Every structure is written in C-alpha cells, then in structure tokens.
Amino acid sequence: MQKINSFEEFQSEYKKSVENPEKFWAEKAKSFLWKRLWDKVLDWDFEEPKVKWFEGAKLNISENCLDRHLESLADKTAILWEPNHPSEEAKHISYSELHTRVSRFSNVLKSLGVVKGDRIALYMPMVPELTIAVLACARIGAIHSVVFAGFSAKALADRINDSSCKLLITADGSYRGAKTLDLKPIVDIALESCPSIEHAIVLERISSKPTMKAHRDLWWHELIEGVSSVCEATIMDAEDELFILYTSGSTGKPKGVVHSTAGYMVYAEYSFRNVFQYEGNDVFWCTADIGWITGHSYVIYGPLLAGATTLMFEGIPTFPDAGRFWEVIDKHQVNIFYTAPTAIRALEACGLDFVKPYKLDSLKVLGTVGEPINEEAWQWYHKHIGKEKCPIVDTWWQTETGGMMIAPLAGITQLKPMYATLPLPGIQPCLVDAEGKEIIGNGVEGNLCIKYPWPSMIRTIYGDHKRCNEVYFSTNPGKYFTGDGCKRDEDGFYRITGRVDDVINVSGHRIGTAEVEDAINTHRLVVESAVVGFPHPIKGQGIYAFVITSDLNGPSELIKSEIIVEICGHIGAIAKPEQIQFVNGLPKTRSGKIMRRILRKIASGEKENFGDTTTLLDPEVVQQIVKSLN
Ligand code: WT7
C-alpha cells in the first residue's frame, strides 16, 4: 500500500475520500491478498446499525500478515521481543519463522477441535506466543478474545462466559518488573465458573509448576511437539468476525466490541503506514499491552500487515529503573516509538538522570495515545526524548474505531501540542450540541461524532446488537457517537477534551464508574456508593469513591481496605480508587439520580461553586460531604 507523502497529497486524498469513499477504499484495498474480490465496497445503514465493507470478498488476515510477505521479507525480523529482565536475551523472529510457528499452532488448535467461528479467550503475558496464538486463531477462523492479564479471575470468567469461549490460552505466570505473578491459579478460579471451556492451553513462562487439571489443562510445549508447520489458512468472508475485545461503558457490564475481518485489516495497515510514516527497515515500538486495542492494532496487525518490524516488550517502564524505555530504544535502534501520556508523565517525574545516559538518536517519530496529553508532558517528550527533531503524533481513537482516526501524519501535518489535529482521509468527524444538532464552522466545541462509516468500525456488541445501537447510534441519529467532548479550533484542528459519559480514563484505560460501584456495593457493610474521576497528575484521571456504610461503628480503615480487596477481586488492581470518602448521603435529584457533576467537583478539590443545586432532593448533603472531608 502506498503512503501519503506530502500535505498536498493528504488534502487531495481527503477530498477524494469524501467525494467517493467507495472508490477511495477500493484503491487502498488493492494491495492485499484476496481469494476473491468484493462485489460491493460498502453497504450501510446507521439506523439498524448495519455496516458491511468489501462484501463478497474472501480472504484470511493471517495470510496477509505472513504469507504475503514471504517472497520479499522472509528473513526480515517480524517480532523483536524484549523480555522483562534485561539479562534475558532478546528474540528476533523473522517473518518466515513466525509463519512456521503460527501455522504449527494453528494445527494444534485444529487438533483440539477448534473450528471457524469458535471463540477463544487469551489471557497471557507479553510474550511472542501471544501474538502467535492471536494469528493462529485468525488463520483458522476462530474469533479471538484477548483479556488483559491484569484482570481478576471474576473479570476473566465474565468475559469468557459472555461469548462462551471454547478454549483458553494462558501461561503459568508472568514477569512484571521485580515481581513474578502466578496466572494459572487465577485461571483455575475463573474456570470453575466457565462451563463452555473445554481446554486451557498453558504456556510455561515462569517455571512455576502449577497444578494442571487432568484432561482440561494442556502444556503448550507438549502440544506443539511433532506438529506439522503447514496449515492452509481458512478462507473467510470479509464480514466474518475477527475478534472480540471487551471495553467498559456506562453500565456495570463490559461490552464485547466486535471487529470483522476485511475492513479492520485494510484500516489497520492504512492508518499504521500513514500516521507513523513507516518505511524500509524501521523498527517500530508500541508499548501497549495486547490486552487493549492499541496492542491489537499497532503491536500485531498494523505492523505485520505492513511487513514492519514490531518490537514487543514484556516489562514495565520503571524496571530495572526508569530508564528502561530509553535503554531499549538505543539497544534496538528503535525508529518509531508509540506510548501513553501517563507513561511519559510518570517517567518525567523520575527526572532526567534516567534519560541522559542514552543517545536516542535512532528515533524519527514519536506518538501518544489513550488520553489527552498535557502541554508540559508534550514539551518534555518533544525536547528530551525527541531532541526537538521528532514529530509527535497525538492519535485519537477508540476500541470501537479499530484504528487511529484523528491524528497528524508524522512530518506532514503541522503539529499543535495537545491537538490530535486532523482526521485521516476516509474519516468524517463532526461536532454536535446537546440537542444533537451538528455544529458547523470553526472555533467551536461539542460532542464528537463520526458521520460516515469507515472500514474498521465496530460491527456490533457481542450478543447484544440492541445495546450497540443504543450506545453508539441512537443518541445522535444517523451518526456514530464517540462519547468524547471535542474542540475544533480556528484552523479546523481537533482537540479531544475527554469523556462526556460515565467512563473514567485512568492511565489510558477505560473504567466504567458503574463497574466500580457494583464491586464496592458487594461489600456487606456498604449501603450505596458513587464513583467519579478527578484530575490526577500522572494517571490523567484517578478514581474517587464516595461510600455510605451501614457499619454501626462508623467508617474505618478496615472497611476501606476490604472495599479495595472487593474491587481487585471484581475487576483488577487497575480499578483501585485513589480516594475513598465515607459520606452520610449522596447528592440526588428528586428522581433519584446521583448528580455526579457535583461529586466530580468535590473530588477535584472544589469546596464551593457547585452551580445550580436547587433540583437536589436535599441540597444540604453537598455541604455535609465537603465538611466531612476536613
Ligand atoms: C478513549 C478510548 C484507542 C487507544 C487506547 C484507548 C481517550 C484515546 C486519545 C487522545 C485524547 C484520547 C478518549 C477515547 N483517548 N486517545 N489521543 N487524546 N483522548 O482506547 O480504551 O477504547 O479508550 O480514550 O476518551 O474515547 P479505549
């Protein structure tokens, strides 16, 4: 696929993409390996919603990631793996080796009875086998559902059960900085309540010798022994489901976002090449975990579709010290580096002594994703990491969008700190007001919607198409609603201001307030709770919980710690609140709705100026909460 090389070209491509989207995308799709070409580029109706791209086409995405490159790139490093411990050797896996290993593992899955359409859950550390397992699922048409390995047993079980996964692929444990975490015992608890799981394939990573349940649990290394490395890829329809990825929304139940094959594939490579301006033998490093969409699209699919070298990192930014990222960049001569603002802020706080020992002269492009980046962090990243010569691409997108939507093209689009800048050709954003009316012109602010389909957009919520319609397509009929607030400045540049719904963005991870409240409310001495986000210097947003307890002895540190245990058990440590405040009442309207606007203000330190509180059932409650703080 050709990339855009100048701003003039960008503008003309954008124009073409709006005037004739079908022609535009058909052109982009040409360079892939198709078993059959499409009959129709796009068929859509946002009312249902229905979105179908490249209908009639047949293909396999793993073939496009691997087989397609074997002629010219067989020996090129596909995965460059850097382990958690710097003393362990890095691994270079070439395209031909990756092809072999994916094919072999595909045969393993087949031998366990996995067939096209089956759902497979993955719960693994950041090791090459995770990428191999993902691609093997895709190769045989199984739908992968990767669950971030930081989630609790209950969260894992909920996700497995929601889509009745047949198989779980996991590991005995993982290395995270100085810690060794046992995953298998968590899996064992989860699987007690997962009747659909027939087998768990366990990769040995930490030599922990876990208990293996007879007939159910199988070792990865034993399964692959002697298995053929020839596996013809299953031919898929363009709209066959490729994967499910769970993400939080405004209710307690996470949504299984479904992406389909052809559209996701085309957009993953297209966005990767253009935003990062990948060329030649560049080494690309996206630090995201594969448990999130960023890892799916820009550790695995985007780079491999483009025949790139993708660096996969098992560890954490602060181990053995806060210079690890920079050490790895020098060690592997990384050219393009993509990370989250929260990591930048955390490393900035550790001081320049951790940056100074490194040259960082291989870097050409820097990127950020996951949350708004503040001016200070942007400047620090630009100056101390990019040495003022690397463009920073601030990329706005979501689990539901599949790929980067609003982002500069590196070195091509004029940059503005804190702005995701302009939409990619093919993407038609718009701002709407509270009544859903489109806001025209520049120098305006509103809710961000997308008014025309793009290839990698969400197709449905697994098992709940109605909810997909309600959440994304009914608030602003005829448009996809993102849930984000946004400014469009005088030059037409976009700046995302944050969520406008009950979702908190903690360190670039989405957490639903309702999910945390549900977890807190399971504590036997909790009557009610309300959770909001508040500005946090490193994490972007922190979690603040207001809790009413029925304990006759009143609030105590013990209940606090038990509540935290409850949250870790229901969701995982990522959802731990920064603050738990016990209160006697919550600000509610006469209809019983909690006024979160007020709680958000209190959580961010505001002591007065709560705006109009006349609709509250008991306006006194607000002052009581503020007073109980001191
Ligand atoms: C939400 C999506 C897809 C990337 C990983 C997060 C926020 C994402 C930016 C950005 C400001 C951003 C939005 C969005 N977000 N990127 N560059 N600037 N905000 O994926 O978990 O689906 O979260 O992250 O609020 O809606 P996600």
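Note that this is a predicted model, so its numbers are computed, not measured. (Residues numbered from 1 in each chain as written. Predicted model: local features only at pLDDT ≥ 70, side-chain atom pairs only at ≥ 80, totals over all residues. Heavy atoms only, no water.)

1. What about the overall build of the protein?
Here is step 1 of the chain: Looking only at helices and strands, the protein has 19 helices and 31 strands in total.
Here is step 2 of the chain: Here the protein has a C-alpha radius of gyration of 24 Å; the compact-globule value for 630 residues is 25 Å, and the two agree.
Here is step 3 of the chain: Taking the principal axes of its C-alpha atoms as reference, the protein extends roughly 75 × 60 × 55 Å.
Here is step 4 of the chain: Taking all 630 residues of the protein together, the buried fraction comes to 61%. (Helix = DSSP H or I, 4+ residues; strand = E, 2+ residues; numbered from the N terminus. Rg over C-alpha atoms; globule rule 2.2 N^0.38 Å. Buried < 20%, exposed > 50% of the residue type's maximum accessible area, 1.4 Å probe, protein only.)

2. Here we look at the site of the ligand
Here is step 1 of the chain: Close to the ligand lie 17 residues, the nearest being Asp394, Thr395, Thr399, Asp484 and Arg510.
Here is step 2 of the chain: Between an oxygen atom of the ligand and a side-chain N or O atom of glutamine 398, the distance comes to 2.9 Å.
Here is step 3 of the chain: Taken by itself the ligand offers 560 Å² of open surface, and the protein chains cover 96% of this.
Here is step 4 of the chain: Elements represented by at least two residues in the shell around the ligand include exactly α11 (293–305), β20 (392–395) and β26 (494–499). (Near = heavy atom within 4 Å. Polar contact = N/O pair within 3.5 Å; in protein donor to acceptor, adjacent residues only side chain to side chain. Areas by Shrake-Rupley, 256 points an atom, 1.4 Å probe, with all protein chains shown as cover.)

3. As for the packing of aromatic side chains
Here is step 1 of the chain: In the structure shown here, the tally under the stated rule is 45 aromatic pairs.
Here is step 2 of the chain: Through a chain of ring-to-ring contacts, three or more aromatic side chains come together here, namely Phe24, Trp25, Phe32, Trp34, Trp38, Trp53, Phe54, Tyr267 and Tyr270.
Here is step 3 of the chain: Note that arginine 159 overlies the ring of phenylalanine 151, its terminal NZ or CZ placed 4.3 Å from the centroid.
Here is step 4 of the chain: Note that lysine 416 overlies the ring of phenylalanine 493, its terminal NZ or CZ placed 4.6 Å from the centroid. (Phe/Tyr/Trp six-rings, centres within 6.5 Å; stacked < 30°, edge-to-face > 60°. Lys NZ or Arg CZ within 6 Å of the ring centre and 35° of its normal.)

4. Things to note about helix α19 (residues 620–629)
Owing to its 3.6 residues per turn, the α-helix aligns residues three or four sequence positions apart on the same side.
Here is step 1 of the chain: If you check which residues of α19 are buried, you get Val621, Val622, Ile625 and Val626. Along the axis of α19, the buried positions cluster into a sector of 135°, meaning they face one direction only.
Here is step 2 of the chain: On its buried face, α19 is in contact with β30 (540–549), β31 (579–582) and α18 (596–603). (Arc of directions from axis to C-beta. Contact = heavy atoms within 4.5 Å.)

5. A look at the sheet that holds strand β25 (residues 480–488)
Sheet strands associate in pairs through backbone hydrogen bonding, adopting either a parallel or an antiparallel arrangement.
Here is step 1 of the chain: Taken in spatial order, the five strands line up as β22-β21-β23-β25-β26 in an open sheet, and their pairing is antiparallel. The open sheet terminates on both sides in strands that have one partner only, identified here as β22 (438–439) and β26.
Here is step 2 of the chain: Pairing analysis gives six bridges linking strand β23 (residues 444–450) to β25, with the strands arranged antiparallel. Of the residues in β25, the one forming a bridge with glutamate 445 is lysine 487. (Pairing = 2+ DSSP bridges.)

6. Some details on the domain arrangement of the protein
Here is step 1 of the chain: When its domains are assigned, the protein resolves into domain 1 (7–247 + 260–486) and domain 2 (507–629).
Here is step 2 of the chain: Computed from C-alpha coordinates alone, the two centres of domain 1 and domain 2 are separated by 33 Å.
Here is step 3 of the chain: Contacts between the two partners involve 18 residues from domain 1 and, on the opposite side, 16 residues from domain 2.
Here is step 4 of the chain: Taken together, both faces of the contact between domain 1 and domain 2 bury some 1200 Å²; the carbon and sulfur share is 52%.
Here is step 5 of the chain: Taken as a group, Trp292, Thr342 and Arg345 account for 32% of the area that domain 1 buries against domain 2, more than any other trio of residues on that side.
Here is step 6 of the chain: Remark: the boundary between domain 1 and domain 2 carries one salt bridge.
Here is step 7 of the chain: As a salt-bridge pair, arginine 510 and glutamate 400 come within 2.8 Å of each other at their nearest N and O atoms.
Here is step 8 of the chain: Counting across the interface, domain 1 meets domain 2 through nine residue pairs in polar contact (both at pLDDT 80 or more).
Here is step 9 of the chain: Every element with two or more residues in the side of domain 1 that touches domain 2 is listed here: α7 (153–162) and α13 (341–350). (Domains from an automatic or database assignment. Buried area = accessible area lost by both parts, 1.4 Å probe. Salt bridge = Lys/Arg side-chain N within 4 Å of Asp/Glu carboxyl O.)

7. Structural notes on unusual backbone geometry
Here is step 1 of the chain: Following glutamate 48, the chain continues to proline 49 via a peptide bond in cis, the omega torsion being -10°.
Here is step 2 of the chain: Inspection of the secondary structure assignment puts proline 49 in the loop between β1 (40–45) and β2 (50–55).
Here is step 3 of the chain: Here phenylalanine 319 and proline 320 are connected by a cis peptide whose omega angle stands at -5°.
Here is step 4 of the chain: The backbone of leucine 360 shows a phi angle near 60°, a positive value even though the residue is not glycine.
Here is step 5 of the chain: Counting through the fold element by element, leucine 360 comes out in the loop between α13 and β19 (365–369).
Here is step 6 of the chain: Looking at leucine 360, the relative accessible area reads 0%, which means it is buried.
Here is step 7 of the chain: Even without being glycine, asparagine 609 reaches a positive phi, approximately 55°.
Here is step 8 of the chain: Within the element layout of this structure, asparagine 609 appears in the loop between α18 and α19.
Here is step 9 of the chain: A residue is classified by how much of its surface remains accessible, and asparagine 609, at 56% relative accessible area, is exposed.

8. Description of the side chain of threonine 413
Here is step 1 of the chain: With respect to the helices and strands, the residue threonine 413 is situated in the loop between β20 and β21 (429–432).
Here is step 2 of the chain: Residue threonine 413 is classed as buried on the basis of its relative accessible area, which comes to 5%.
Here is step 3 of the chain: At 2.9 Å, the side chain of threonine 413 and the backbone nitrogen of leucine 409 are in polar contact.
Here is step 4 of the chain: Those residues in contact with threonine 413 that lie beyond four places of it in its chain are Phe7, Pro408, Thr421 and Leu422.

9. A word on the side chain of threonine 368
Here is step 1 of the chain: Its location among the elements puts threonine 368 in strand β19.
Here is step 2 of the chain: Classification of threonine 368 by relative accessible area gives buried; the value is 0%.
Here is step 3 of the chain: What threonine 368 contacts, discounting residues up to four positions off in sequence, is Tyr338, Thr339, Pro341, Ile344, Ile373, Tyr381, Ile392, Val393, Asp394 and Thr395.

10. With respect to the nonpolar core
Nonpolar side chains tend toward joint burial in soluble globular proteins.
Here is step 1 of the chain: Formed by 164 residues in total, the largest nonpolar core has its most connected members in Trp34, Phe54, Ile169, Phe276 and Tyr301.
Here is step 2 of the chain: Structurally, this core is a two-domain feature, drawing no fewer than three residues from each of domain 1 (7–247 + 260–486) and domain 2 (507–629).
Here is step 3 of the chain: Apart from residues no more than four positions distant in its own chain, tyrosine 301 is found in contact with Ile61, Cys65, Val134, Leu135, Ala138, His144, Leu242, Tyr264, Ala268 and His296.
Here is step 4 of the chain: Of all hydrophobic cores here, the second largest spans 27 residues; its members include Trp285, Phe325, Val355 and Ile392. (Core = buried A, V, L, I, M, F, W, Y, C linked by side-chain atoms within 4.5 Å.)

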